[in-house]
Amino acid sequence: RLKPWFAPGTVLVDEDYRTLELPGLPLTPPRLEVSAPWAPGDVLAFAESWSAVRAYREETGDDPLPSLAAELSPLFPDPTRPLLFRMPLYLRVQRL
């Protein structure tokens, strides 16, 4: 829903940096991820840090976070009990 408000360069993240042209011989990096227990408030705080949320607010005058909070509600039966949040870290590694 916020896709149109993200900066154009974020497409590189969506593509796992696969389309980024780099010199050298590609190497296969290990799979990495960040994980942490997050409650709904943590997810919303993370989303609020996105530049797309600021751009959306500026352009529409509306706040997308209440809608996101409503979408998160069924995923957190007990909003005081955090769930494990996992986010992959994408690397492009080249031998020069």
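These figures come from a predicted structure and were not determined experimentally.

Student: It is not clear to me how unusual backbone geometry should be interpreted in this structure. Could you clarify?
Tutor: Across the chain, the bulk of peptide bonds are trans and the bulk of non-glycine residues have phi less than zero. Unlike most non-glycine residues, Asp16 shows phi in positive territory, near 55 degrees. For Asp16, the location among the structural elements is in the loop between helix H1 (11–14) and strand S1 (25–27). In this structure, Tyr17 is a non-glycine residue whose phi angle is positive, near 65 degrees. For Tyr17, the position within the fold is in the loop between H1 and S1. The exposure class of Tyr17 is partly exposed, given its relative accessible area of 26%.

Student: Honestly, the packing of helix H2 (residues 40–48) against helix H4 (residues 65–72) in this entry has me stumped. Any pointers?
Tutor: A pair of packed helices is captured by two measures, namely the crossing angle of their axes and the spacing between those axes. In the contact formed by H2 and H4, the axes pass within 10 Å of each other and the chain directions differ by 145 degrees. As H2 packs across H4, the resulting crossing turns out to be right-handed. On the side of H2, the interface is formed by Pro40, Val43, Leu44, Ala47 and Glu48, while H4 contributes Leu65, Leu68, Ala69 and Leu72. Of the residues assigned to the contact of H2 with H4, the class counts are eight nonpolar, no polar and one charged.

Student: Explain the confidence of the model for the protein to me, please; I cannot follow it from the model alone.
Tutor: When pLDDT is averaged across the protein, the result is 94; 100% of the residues are at 70 or more. The secondary structure element of the protein with the lowest average pLDDT is H1, at 91, and the one with the highest is strand S2 (residues 32–38), at 97.

Student: Can you walk me through the packing of aromatic side chains in this structure?
Tutor: In this description, an aromatic ring pair is defined by two values, namely the gap between the centres and the angle between the planes. Counting across every chain of the model gives six aromatic pairs. Summarising the aromatic geometry, the rings of Phe6 and Trp50 are spaced 5.7 Å apart at their centres and angled 50 degrees between planes, so their arrangement reads as tilted. With Phe6 in the segment before H1 and Trp50 in the loop between H2 and helix H3 (51–60), this pair connects stretches of sequence that are 44 residues apart. Exposure remark for Phe6: the relative accessible area of 26% places this residue in the partly exposed category. On the accessibility criterion, Trp50 (29% relative accessible area) is partly exposed. A ring pair is formed by Phe46 and Trp50, whose centres lie 5.7 Å apart and whose planes are at 80 degrees; its orientation type is edge-to-face.

Student: Even after reading the chapter, I still don't get H2, so can you show me in this structure?
Tutor: Along an α-helix, residues three or four apart share an orientation, since each turn contains 3.6 residues. Along H2, the residues that are buried comprise Pro40, Val43, Leu44 and Ala47. For H2, the buried positions fall inside an angular range of 95 degrees around the axis, keeping them on one side. Looking at the buried residues of H2, the elements they touch are S2, H3 and H4.

Cut-off values and rules
- Residues numbered from 1 in each chain as written.
- Predicted model: local features only at pLDDT ≥ 70, side-chain atom pairs only at ≥ 80, totals over all residues.
- Heavy atoms only, no water.
- Helix = DSSP H or I, 4+ residues; strand = E, 2+ residues; numbered from the N terminus.
- Buried < 20%, exposed > 50% of the residue type's maximum accessible area, 1.4 Å probe, protein only.
- Axes fitted to C-alpha atoms, helices over the stretch in contact; angles between N-to-C directions.
- Left-handed = near helix turned anticlockwise from the far one by under 90°.
- Contact = heavy atoms within 4.5 Å.
- Nonpolar A, V, L, I, M, F, W, Y, C, P; charged D, E, K, R; others polar.
- pLDDT = per-residue confidence, 0-100.
- Phe/Tyr/Trp six-rings, centres within 6.5 Å; stacked < 30°, edge-to-face > 60°.
- Arc of directions from axis to C-beta.

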